[in-house]
Structure formats: C-alpha cells, structure tokens
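# Structural overview
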Amino acid sequence: MHTLQVFRELWYSFPMFKDIYAISYKMKRELYHRILAVVLAVIITVAMVALFTTFVLYPIRTVSVSMSPDVPAGSFELVTPLWRTPKRGDVMLVQAYSVEKKILPVRFANLLGRVLSAQQWQPFEEDAIGNVTTPFVRRVVGLPGDTIYLDKYLLYIKPKGQNHFLTEFELTQTKYNITVANPPLGWDMDLGAKGSVSEITLGDDEYFVLCDNRLESADSRVWGIVPQGAFRGKLLLVYFPFDKFRLF
C-alpha cells in the first residue's frame, strides 16, 4: 500500500497530470451545478403550475347532462376559486353536502394530491352526507333576500324591496338556456326533479341554485338552499370540445 501511494504522488507530480486532474474536477463540478440548476428549475416550474391550477384556475370535467345545453356532458371547463360570491345567473362549482373534517395529516395529503393533479385526484376519500363529495356545477338563480317560487320548471323571483315577481330571465343579465319539456298529462310535478316549489324567502346567506336541465338533475329542489360557503369557484369557460367553446 505504501508503494502504491508513493507511485501516485510521483504520477501526479508531473505538471501535465496536475492540469488534467484540475480540469476534470472543474468540469465535473460545473456539470453537477448545471444538473442541479435544471432540477431546481423543473421543481420550481412544476410547483408554480401546481399552485396556479389549485388556487387560481383549474380544469374540471362535466360527465352528466345536468347543465346542458350550455355545459354539455363530457365537456371540460375552467374554474377559478378566486370568485366565490356569485351574482344572479353565474354558474358556480357547489359543494352541496357538508364534508366531515379529517385529521390534519389526511387533509394535508389530500391537499397535496389535489395540488399535484390540478384538483383531479386525492389519496383519501372524504365522507359526506349522502356519500357525495364531488362538487357540482350549478347556476345561481336565487340571491339572499329574494322571495321565490318554481312553477313548471321556471323560477319566479321577487327581489328584496320589490313588490312584483319576475321570471329568472327578466332579472338576470346573463343569457342562458334551460332544458324543459312538457310532462305527460296527469304527471305529478313533485316526482323526480320537481317542477314546482312553494314560495320561500331566502335569508342573508342563502342561495337557490338550479340545473339548466330542469328535468333530470339534483339541485336546490333536492338539497335545499345553500350557503355562500358551499361555493368552490366560478365557471369561466368551456374549452373542450372546441366546437362547444363558451365563455360564462
């Protein structure tokens, strides 16, 4: 071992080999720095995109016909969680059922899963009334202070401080379409998605939401009124399929 050490010292005592060793070490160090810089840039980029798609703008997919024709089944939409106080006619993402709070590690794991997947996946299921945790896209038609009733699937509204009822279309500046069909003769309007709802007055933190497809979906006719805290964000646009592109 002593002889080998002496040989190495003699070998590297020549200037040529000293230069090669120094150059090799410098190149390796520069390579490591470049790799580290690239890795850090990728991590920062992924983190920024994940944070943006969680707290600013994220995609969702509608699988049912509940909001057709304006939000067709199978379409992809963009939602912003920055807008949680709706105006009349806004299409909002609604958490219809109260969700039980999980322990902190589970909540953190679910938050991390949603951040990394743009709100599309979480590792742990959350219990909710009716076993429903997925938020729904619904249109806000009744605002706090309104007195409302539903007749033949059309909502009539008397805003707070006014004396007369007007239809939902007369009161909103947002143009939208609803799906309504005349039920068969003798059909009970209280069956399924109710076509009629008795007159109610909404409180200070109460909203009434409906599907655009008034025949086949669940909304405030089933859940009842919803508080502002139930809103998870506002639908901004349908971006796919491209021929169904629509701004809200």
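For the structure itself, consult the block above.
Before going into details, it helps to say that this report is about the structure given with it. (Residues numbered from 1 in each chain as written. Predicted model: local features only at pLDDT ≥ 70, side-chain atom pairs only at ≥ 80, totals over all residues. Heavy atoms only, no water.)

### Some points on the pairing of strand 4 (residues 136–142)
Counted only if it meets this: Accessible area is worked out with a 1.4 Å probe on protein chains only. A residue is then buried under 20% of its type maximum, exposed over 50%, and partly exposed in between. Comment: elements are numbered from the N terminus, with helices defined as DSSP H or I runs of at least four residues and strands as E runs of at least two. For two strands to be treated as a pair, DSSP must find no fewer than two bridges joining them.
Most of strand 4 sits inside the fold, with six of its seven residues counted as buried. Bridge analysis of strand 3 (residues 91–94) against strand 4 gives four bridges, and the strand direction is antiparallel. Within strand 4, the residue paired with M92 across the bridge is R138. Sheet topology places strand 4 next to strand 9 (residues 206–210); three bridges connect them, and they run antiparallel.

### Let's talk about the sheet that holds strand 6 (residues 154–158)
Strand order in the open sheet made by the four strands is 7-6-5-8, with antiparallel pairing throughout. At either margin of the open sheet sits one strand with a lone partner, and together these are strand 7 (166–167) and strand 8 (197–201). Bridge count between strand 5 (residues 147–151) and strand 8: three bridges; the pairing is antiparallel. Bridge pairing in strand 8 places I148 opposite I200.

### Some details on the pairing of strand 6
Strand direction decides the pairing type here: strand 5 and strand 6, joined by five bridges, are antiparallel. Looking at the pairing, Y149 lines up with Y156 of strand 6.

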